[in-house]
Every structure is written in C-alpha cells, then in structure tokens.
Amino acid sequence: MLRLLSITFLISLFAGTASAMAQTPTPPVHSTPPTRDPHTTGYVPAVELPDGATPSATADGNFILGSTHYPAPETAAPEGAPTGTVYEFTMNSADSKIYPGIAREPKTFGAPDPRDPGKLVVTTSHPAPYARKIAVYVPKQYVPGTVAPFIVGADGPDRLLFTTLDSLIARRTVPVMIAISIGNGGGDAQGSERGLEYDTMSGLYAEFVEKEVLPLVEARAHVKLTKNPEGRATMGGSSGGSCALIMAWYHPELYHRVLTYSGTYVNQQWPYNSQTPHGAWEFHEHLISKGPVKPLRIWMEVGDRDLLNPNIMRDEMHDWIVANEQMAKVLAARGYHYQFIFARNAGHTDREVKQQTLPEALEYIWQGYPLTGAKN
C-alpha cells in the first residue's frame, strides 16, 4: 500500500511540475553572508558567555558564544574509556516503500512563481535511484537483550557524535544509548531526495525511520530500542536540523528530544503544500506560536555568519539567523524547555562550534532521563 501511495505521489508531483510554467533551469545563487550582531534589535535577549565557555547543561534560555571555539575535551577519544562498536550497512531505494527516490538535474534549480514569490517552480526533478549509508553506534556498556534509549541523526555517518558518546557515557553524564546515523538520499534543497526527506512538513520521514530503518538497526546491530518517546532523540544540521524537529513535532508519540545546528526553519519545502505554505518557516510563524504545546525539549544553534538568501528566492523567508531567533522567541513565549546558542565567528553548521558544544548539547537534551536502564 505504501509503495502504491509513493508511486501515486510521484506521478502527481511530476505531472504538476511538467504542466507548470516554462522556465530556464537556474543554478542557485551563492553569496557571502554578512556577520550579524546578536544584540540586533528584534533578536531575543541573551546571556553573553565568557569567550570559550558554554552554558550549563541544566540552563534554559538564550546564550551568546564568544568567537573562540576550542574542541570540548569530551569530543576526543577518551583514553582508557570503553569504546563503542559501529555497525554499518547500506539501504537502497529499490527496497523502500516510502521513498522510491527522486533527483534534480545537475546545475539546475528552479524559478520563483511570479504569482507567489514564496513558491518555487521546479521542472527538472525526476525519479532516480539512491543508496544511503546507515551507521549504528553501540556503546560498550550496552547490555545485550536490554531495551535502550537512542538518538537518530541526519546526514550520517557522524563520527564526532560516536566519539563524544564514548566520553559522556563513561562519565555518566548521559544514559547508555544507541546512536543511529542515517545518510540522506542525495542532493539538496527543492527537487532533491534529501530535500524531499528533510524539508517536507509531515510525519513521513519519521514514519520511514520507524518502519524501514529501526527494524534493520535492531537486526543488524543486535540491539533493542525503546518505544518510549522520552528515551528517543533526534538531531541534525541545516535541513537535517529542521528534519529533526519535524520528526518530533509531527510524531511526539515517538520523539521528545531535539538537537539542531543551523536549523533550516525557512521556506524550503517542495513540493508546495497549502497546509504549510511557507515550509519550516511555519514553525515560528504559526505552528509553535499558535498550536498546542508539545512535550519537547529542544537545543538549537545558529552562527553569526549563517545563511542569508543562498538561492534565487527573495520571499523574506530565507534568513537562517532570523528564523532561529524567531524560533527562540516563540519557544520561550510558549513555555518550552529549550536552549538557544548564538555563536560568534561561526558559519553554517560550523564544525568548530559543533566540536565545542556537542557534549553540553547532548547533556542538555537528555536532562531528566535516568542514567541507568530504559523505560520501555
């Protein structure tokens, strides 16, 4: 049934784009983002931290990182500490009932709809196969046969995550957990498989993980994963970050903990959906600000040189810094447990910032979860 639905979706998708207005395929426009001041009028009030410092893992609210980003000690391989095992396997599009695969032609992008600058017309996307890599980290402390909490990450494999978990689990600052790092289906943004998976405002990607990925993880890595959403976390950067929140937002019965770097809370959803016409921009525009409060705990980061209008769309909904600032504002207004980091001297999904902050971010999102044992 899922295969039939996916094929039907693709047929309607490509029929719609084929009948759209004629366009000349246009590659994305890349420009150097300006450096923004965290104290800009309209931005959330935030605590300025000493250079090189990170906030407490127990503190909610908004914080400004200084310009120096030293790797946290916990991100290095811990000397003498137990080292987890990483299992790897590949998933092919031919085996997926949910994502049979699409791709956008190389060196093409799309064109804004002249009737609505918030809509992008893409005519160069078509069915295409893919293969994705899955990496599963199992800590040495995992007891075979027991149910374990876990974190799902986008754009894997994420070796930094695995090494950091070795350190934190040994120090008993996070629970003994499994980490599942899932590669994307290829490409980026509108018309690509990655864009379809990560930028679509629906529960479909979480359902793909639940139905097609997690059973393979349990079988290949010989683990048992908790069904309790309190013991399940998501994480990612850029569109992988917005995907992490999308998973938890549309399926809070599956995930309660979210960690994002440079989250793409902007208008990047394709194909267009009239229920969420502005894509992930809808999170701070409508969904969080006006919707029911959900049982989520969220850690977010954005850099002072994060993305601004990286493509041809000029709809006032492609500013990553403003998007994340607005996220912090609405999360605070609705009483969520969240921590927001504005990093100075940092670009989009900045590697040095991740090395500095990942241990504290993981400790923050796992607050309140028991360090030993899992709730089924």
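Our structure is the block above this text.
Residues numbered from 1 in each chain as written. Predicted model: local features only at pLDDT ≥ 70, side-chain atom pairs only at ≥ 80, totals over all residues. Heavy atoms only, no water.

(A) Fine view of the sheet that holds strand β3 (residues 85–92). As summarised here, the arrangement of the 10 strands in space is β1-β2-β16-β15-β14-β13-β10-β11-β8-β3, forming an open sheet in which the pairing is mixed. The two strands at the open ends of the sheet, each matched to only one other strand, are β1 (47–48) and β3. With respect to the sheet, helix α4 (residues 204–221) is in contact with β3, β8 (131–138), β10 (150–154), β11 (178–182) and β13 (232–237), its orientation differing from that of β3 by roughly 130 degrees. (Pairing = 2+ DSSP bridges. Helix = DSSP H or I, 4+ residues; strand = E, 2+ residues; numbered from the N terminus. Contact = heavy atoms within 4.5 Å. Axes fitted to C-alpha atoms, helices over the stretch in contact; angles between N-to-C directions.)

(B) Looking closely at the packing of helix α6 (residues 282–290) against helix α7 (residues 320–333). Between α6 and α7, the shortest axis-to-axis distance is 9 Å and the interhelical angle comes to 10 degrees. By the criterion of interaxial angle, the relationship of α6 to α7 is roughly parallel. Judged by residue contacts, F283, H284, I288 and S289 of α6 engage A323, Q326, M327, V330 and L331 from α7. Here the contact of α6 with α7 is composed, by residue class, of 6 nonpolar, 3 polar and no charged. (Parallel < 35°, antiparallel > 145°, perpendicular 65-115°, else oblique. Nonpolar A, V, L, I, M, F, W, Y, C, P; charged D, E, K, R; others polar.)

(C) A look at helix α2 (residues 159–170). Between its first and last C-alpha atoms α2 spans 17 Å; for 12 residues at 1.5 Å apiece the expected length is 16 Å, and the two agree. Counting buried positions along α2 gives 9 out of 12 residues, so the element sits mostly inside the fold. Buried residues of α2: L160, L161, F162, T164, L165, D166, S167, L168 and I169, and no others. Here the buried face of α2 lies against β3, β8, β10, β11, β13 and α8 (351–365). Positive phi appears at R172, one or two residues downstream of α2, with a value of about 60 degrees. (Expected span 1.5 Å × (residues − 1). Buried < 20%, exposed > 50% of the residue type's maximum accessible area, 1.4 Å probe, protein only.)

(D) Summary view of the nonpolar core. Formed by 72 residues in total, the largest nonpolar core has its most connected members in I178, I180, V209 and F283. Ignoring sequence-local partners within four residues, the contact set of I178 consists of V136, Y137, V138, P139, Y142, A148, P149, F150, I151, V223 and L225. (Core = buried A, V, L, I, M, F, W, Y, C linked by side-chain atoms within 4.5 Å.)

(E) How the structure looks around the packing of aromatic side chains. Inspection of every chain in the model, using the stated rule, returns 11 aromatic pairs. Between the aromatic rings of Y99 and F208, the centroid separation amounts to 5.2 Å while the plane-to-plane angle is 70 degrees, which identifies the pairing as edge-to-face. Note that Y99 is positioned in the loop between β3 and β4 (102–104) and F208 in helix α4, a separation of 109 residues in sequence. Judged by its relative accessible area of 0%, F208 is buried. Taking 6.4 Å as the distance between ring centres and 85 degrees as the angle between the ring planes, the aromatic pair formed by F150 and Y255 counts as edge-to-face. With a gap of 105 residues between them, F150 in strand β10 and Y255 in the loop between α5 (239–250) and β14 (257–261) connect regions that are remote in the sequence. Of the two residues examined, F150 and Y255, each falls in the buried class. Within the aromatic cluster, the residues linked to one another by ring pairs are Y99, Y198, Y205 and F208. When the ring centre of Y272 is taken as origin, the NZ or CZ atom of K119, which lies over that ring, is 4.4 Å away. Note that R232 overlies the ring of Y255, its terminal NZ or CZ placed 5.5 Å from the centroid. (Phe/Tyr/Trp six-rings, centres within 6.5 Å; stacked < 30°, edge-to-face > 60°. Lys NZ or Arg CZ within 6 Å of the ring centre and 35° of its normal.)

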